[in-house]
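Understanding the architecture of this molecule
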Amino acid sequence: MKILKPLGLMSIALLTLSSVYACNFNENKKPIELIAQATNTSEPKKDNIVQIALLLDTSNSMDGLISQAKSQLWDIVNEFSLAKCKNDARPKLQIAIYQYGNDNLSANEGYIQQVLGFSSDLDEISEKLFSLTTNGGEEYCGKVLQTSLQQLPWNNNPDLLRMIFIAGNEPFNQGRYNYTTALTNANEKGVTVNTIFCGNYELGINTNWKKGATMTGGEYMAIDHNKEIVHINTPYDDIIIKLNSKLNTTYISYGSLGQTKYKAQSVQDENALEMEEAVAVKRAVSKSSRLYNNKKWDLVDAYEDDAFEISAIEKDDLPDVLKNKNEDEIKKYIETKKTERVQIQKEIQAYNSKRLSYIAEHQEGEKSGELENAMVKAIKKQAESKNYNWE
């Protein structure tokens, strides 16, 4: 490293917010001038991550809500996969899950449990949703809001989108913890709280659910959580499901997580299929999107990471098919699977476009009152304020 002479030469680092932060930038702004040492002329680029926490009432009356959450996760993921910034950057997505109001949970903790911290692992998110069951309880909205705000590692970048969706059907002010204190904390952290009342719209207003949203600039919505979701079957569903099976063969598990996560992938496929064929199709579409990334256990996704080195993997951590191959042979095998995967993903996307056109032609009336529609509407509206747009 060169040593600077006593004159103390300095360099001017011109850093624009659009290169460091997320979507929220003004193209007409002048660059901010910062004086930095010659050895440190730029800051590392921060990840563009959207954080969403789901706070779900799992008391006895909420079976319909949990069912909708399980089946419509993939609709929300597929919608979000189309989001981008005005500078064409693509945001990552992290989802956290809390349950509250369930008698099986600790009374000392306010019948609240963090089911999953912020995660981008779509299989893990699905697994945790399918683990939820309902049972009696006391529903303390203020307490679960405050707990999620305190426990989760919310990003402190004001340009990033941070959202809470809380769903339930008991009065929002139930419990000893004042929900307005939690909402004040949310405002301080820049987290927008959206409330979803499971029941009559006016009743939700009268029980403070609307106030719970407006205090942070969020959306208040009411849904029929017991509404039967009608899926339209299409001629393309079976094709997409078969392509999903082929897609799974392109994954190369490695490391301590490898085999466990590879099996979990299939388990979540089965969970989706057990709910309904259409849900399995939507999951397959999610798996063909940029948001489905498994670099922690799949060599194909890991190989795309610039920091990844095949030579750093112990032979014992490789699948049997690669243990006796040299590094060049391993790379060739990975690249072959990558080519296969990209082709299958393109086919799934192409058939999905035909599927969506078919559904649009055969859809009777507007879909309303469903968890997916409520969440997507709020996400899009609040994302616009951060300069996100949709393809």
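Scroll up for the structure.
For the structure given in this document, a descriptive report is provided here. Computed from a predicted model, the values in this text were never measured in an experiment.

Turning our attention to helix H10 (residues 277-287). An α-helical segment advances 3.6 residues per turn. Residues three or four places apart therefore align on the same side. Burial runs high along H10: 10 of the 11 residues are buried. Those residues of H10 that sit buried are Ala278, Val279, Ala280, Val281, Lys282, Arg283, Ala284, Val285, Ser286 and Lys287. In this structure, the buried residues of H10 make contact with helix H2 (63-80), helix H3 (122-130), helix H8 (237-248), helix H9 (258-275) and helix H12 (327-362).

In this section: the sheet that holds strand S5 (residues 92-100). A sheet is described by the order of its strands in space; here 6 strands give the open sequence S6-S5-S3-S7-S8-S9, paired in mixed fashion. In this open sheet, the two strands that pair with only one neighbour each are strand S6 (112-119) and strand S9 (220-223). Averaged over all adjacent pairs, the angle separating strand axes in this sheet is 15°, with direction ignored. Bridge count for strand S3 (residues 49-57) against strand S7 (residues 162-168) is 6 bridges, and the pairing is parallel. Looking across to S7, one finds that leucine 54 is bridged to phenylalanine 165. Together, S3, S5, S7, strand S8 (192-198) and S9 form the strand contacts of H2, whose direction differs from that of S3 by roughly 170°.

This part is about the side chain of asparagine 48. When you line up the elements, asparagine 48 lands in the loop between strand S2 (32-36) and S3. For asparagine 48, a relative accessible area of 11% gives the class buried.

What counts and what doesn't
- Residue positions are given per chain, counting from 1 as you read along its sequence in written order.
- Local features in this predicted model are restricted to residues of pLDDT 70 or higher, and side-chain atom pairs are both shown and tallied only at a pLDDT of 80 or more, whereas totals for entire chains, interfaces and linings draw on every residue.
- Neither water nor hydrogens contribute to the side-chain values; these are computed over all heavy atoms in the structure.
- Buried, partly exposed and exposed residues are distinguished by accessible area as a fraction of the type maximum, computed with a 1.4 Å probe on protein chains only: under 20%, between the cut-offs, and over 50%, respectively.
- Working definition: helices are DSSP H or I runs of at least four residues, strands are E runs of at least two. Numbering for both runs from the N terminus.
- Contact between two residues is taken to exist if any of their heavy atoms lie within 4.5 Å; hydrogens are not considered.
- Paired strands, in this sense, are two strands between which DSSP finds at least two bridges.
- As a rule, the C-alpha atoms of each element are fitted with a line to give its axis, helices using only the stretch in contact, and angles between N-to-C directions run from 0 to 180 degrees.

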